[in-house]
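Fold and contact review
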Amino acid sequence: MRIRTLAVGLLVGGLALTACGKEGTPADSGATGTGTAAAALPTYTVDTAAAVTGSPAFDKAKAAGKITIGVKDDQPGLGKKDPTTGKFSGFDVEIAKLVAASLGYGEDKIDFKPVASANREQAIANGDIAYYVGTYTINDKRKAQVSFVGPYFEAGQDLLVRKDDTSITGPETLKGKKVCSATGSTPIQRVRDQKLTEPGNIVEFQGYSQCVDKLISKDVDAVTTDDAILKGFAAQDPDNLKVVGKTFSKEPYGIGLGHDDKALRDKVNGTLQKALDDGTWEKIYAATLGKSGSPATKPTLIKY
Ligand code: GLU
């Protein structure tokens, strides 16, 4: 609970702290997550003159005077909506804001739209969102329907169990156990493909927070998805939950956007590359996921 309160406080105060430089340690100290000093979120310069010629998503946002971005709303540290303030926070949300700023939209001109794992391709194809930032693994099946910019982060599938559970130590120990994951996700597909547990023992929900509730109530024995997501849940309830810590897949995260929107893809690629080059990526990491103490490896963008 302490961690959660601290995180919210930091996020709310983040912009102010950046502006006045009040905190003790400079945000650009290069720390990738010792969690000791309060790392401030960076601010992003809004490019009011931005133009992305030939991008349907950009044109749509321009006509609306705001940009709609698909995110997750129940993943602490990555994409989480504060039920009291309605504010979104986390690593993915910051990447979403960074990109929005490069397109000409400050935070007051962003509509964050929660979209569950199973509905991402459709939301992008429909044009409901300009782009999506939410633990979205780049893979060939999805690339047939959407395009990606990334990877901007590399995660791996892992397991979340109750703290007192000593029987689940890796994917090979899941037989006979009830395993929960999200509909339409790569982790649930892997549980099925690799027959990690029996089909009748697979429980699925729209989002991982529902799985975590079922883990705590002992209706399931494990939650499986990316380690980055699971660490966020474990940090919220360290007395009851733990991450097994043996990843068994590679989950490179991409920003999803319209399949044929090459203009936007190139623009977003340029924005991310700059953030990786000028230290902004590290600052975002340090102020979000890095607070848990996990070191990050800076990814290398791939041209798709
Ligand atoms: N990264 C995985 C995926 O894209 C799991 C996380 C999620 O469901 O967003 O399916």
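Now for a quick tour of the structure. (Residues numbered from 1 in each chain as written. Predicted model: local features only at pLDDT ≥ 70, side-chain atom pairs only at ≥ 80, totals over all residues. Heavy atoms only, no water.)

Quick word on the overall build of the protein
Counting its secondary structure elements, the protein contains ten helices and 13 strands. Considering the protein as a whole, with its 304 residues, one finds that 50% of them fall into the buried category. Across the protein, every contact between residues at least 6 apart in sequence was considered, and the portion connecting residues at least 24 apart equals 73%. (Helix = DSSP H or I, 4+ residues; strand = E, 2+ residues; numbered from the N terminus. Buried < 20%, exposed > 50% of the residue type's maximum accessible area, 1.4 Å probe, protein only. Contact = heavy atoms within 4.5 Å.)

Concerning the side chain of Asp221
With respect to the helices and strands, Asp221 occurs in the loop between α7 (208-216) and β11 (222-226). Among the polar contacts made by the side chain of Asp221, one reaches the side chain of Arg162 at a distance of 3.5 Å. Engagement of the side chain of Asp221 in a polar contact is seen with the backbone nitrogen of Lys178, the distance being 2.8 Å. (Polar contact = N/O pair within 3.5 Å; in protein donor to acceptor, adjacent residues only side chain to side chain.)

Examining the pairing of strand β13 (residues 251-258)
In terms of burial, β13 is a largely internal element, seven of the eight residues being buried. Across seven bridges, the pairing between strand β7 (residues 146-155) and β13 is antiparallel. Within the sheet, the bridge partner assigned to Ser147 lies in β13 and is Leu257. (Pairing = 2+ DSSP bridges.)

Side note on the packing of aromatic side chains
Think of a pair of aromatic rings as described by two things: how far the centres are apart, and how the planes are tilted against each other in angle. Applying the stated criterion across every chain yields a total of eleven aromatic pairs. Considering the side-chain rings of Phe91 and Tyr285, the 6.1 Å spacing of their centres and the 80° angle between planes classify their relative orientation as edge-to-face. Placement of Phe91 in helix α3 (residues 91-103) and of Tyr285 in helix α10 (residues 280-287) is noted, with a sequence separation of 194 residues between them. Both residues of the pair, Phe91 and Tyr285, belong to the buried class. (Phe/Tyr/Trp six-rings, centres within 6.5 Å; stacked < 30°, edge-to-face > 60°.)

What about the state of the cysteines?
Here a disulfide denotes one covalent bond, and it connects the sulfur atoms of two cysteines. Applying the stated criterion across every chain, the model contains one disulfide. The residue that forms a disulfide with Cys180 is Cys211, at a sulfur-sulfur distance of 2.1 Å. Since a negative S-S torsion denotes a left-handed disulfide, the Cys180-Cys211 link at about -70° is left-handed. Highlighted residues: Cys180 in strand β9 (residues 179-182) and Cys211 in helix α7, separated in sequence by 31 residues. (Disulfide = S-S within 2.5 Å.)

With respect to the pattern of salt bridges
Summed over the entire model, instances satisfying the criterion amount to 14 salt bridges. With a shortest N-O distance of 3.5 Å, Asp221 and Arg162 are connected by a salt bridge. Remark: Arg162 occurs in strand β8 (residues 157-162) and Asp221 occurs in the loop between α7 and β11; sequence separation between them is 59 residues. Assigned by exposure class, Asp221 and Arg162 land together as buried. Between Glu172 and Lys246 there is a salt bridge, and its shortest N-O distance comes to 3.5 Å. Linking Glu172 in the loop between β8 and β9 with Lys246 in the loop between β12 (241-243) and β13, this pair joins segments that are 74 residues apart in sequence. With relative accessibility at 53%, the residue Glu172 sits in the exposed group. (Salt bridge = Lys/Arg side-chain N within 4 Å of Asp/Glu carboxyl O.)

Quick word on the packing of α3 against α10
One way to put it is that α3 packs onto α10 with a least axis distance of 9 Å and a crossing angle of 145°. Between α3 and α10 lies a crossing whose hand is right-handed. Across from Phe91, Glu94, Ile95 and Leu98 in α3, the residues of α10 making contact are Thr280, Trp281, Ile284 and Tyr285. (Axes fitted to C-alpha atoms, helices over the stretch in contact; angles between N-to-C directions. Left-handed = near helix turned anticlockwise from the far one by under 90°.)

A closer look at the packing of α3 against helix α9 (residues 262-277)
Orientation of α3 relative to α9, taken along the N-to-C sense of each, is 115°, at an axis distance of 10 Å. Viewed along their axes, α3 and α9 form a crossing whose handedness is right-handed. In contact with Ile95, Leu98, Val99, Ser102 and Leu103 of α3, α9 contributes Leu264, Lys267, Val268, Thr271, Leu272 and Ala275. Partitioning the contact of α3 with α9 into residue classes produces eight nonpolar, two polar and one charged. (Nonpolar A, V, L, I, M, F, W, Y, C, P; charged D, E, K, R; others polar.)

The values are spatial; any link to function lies outside them.
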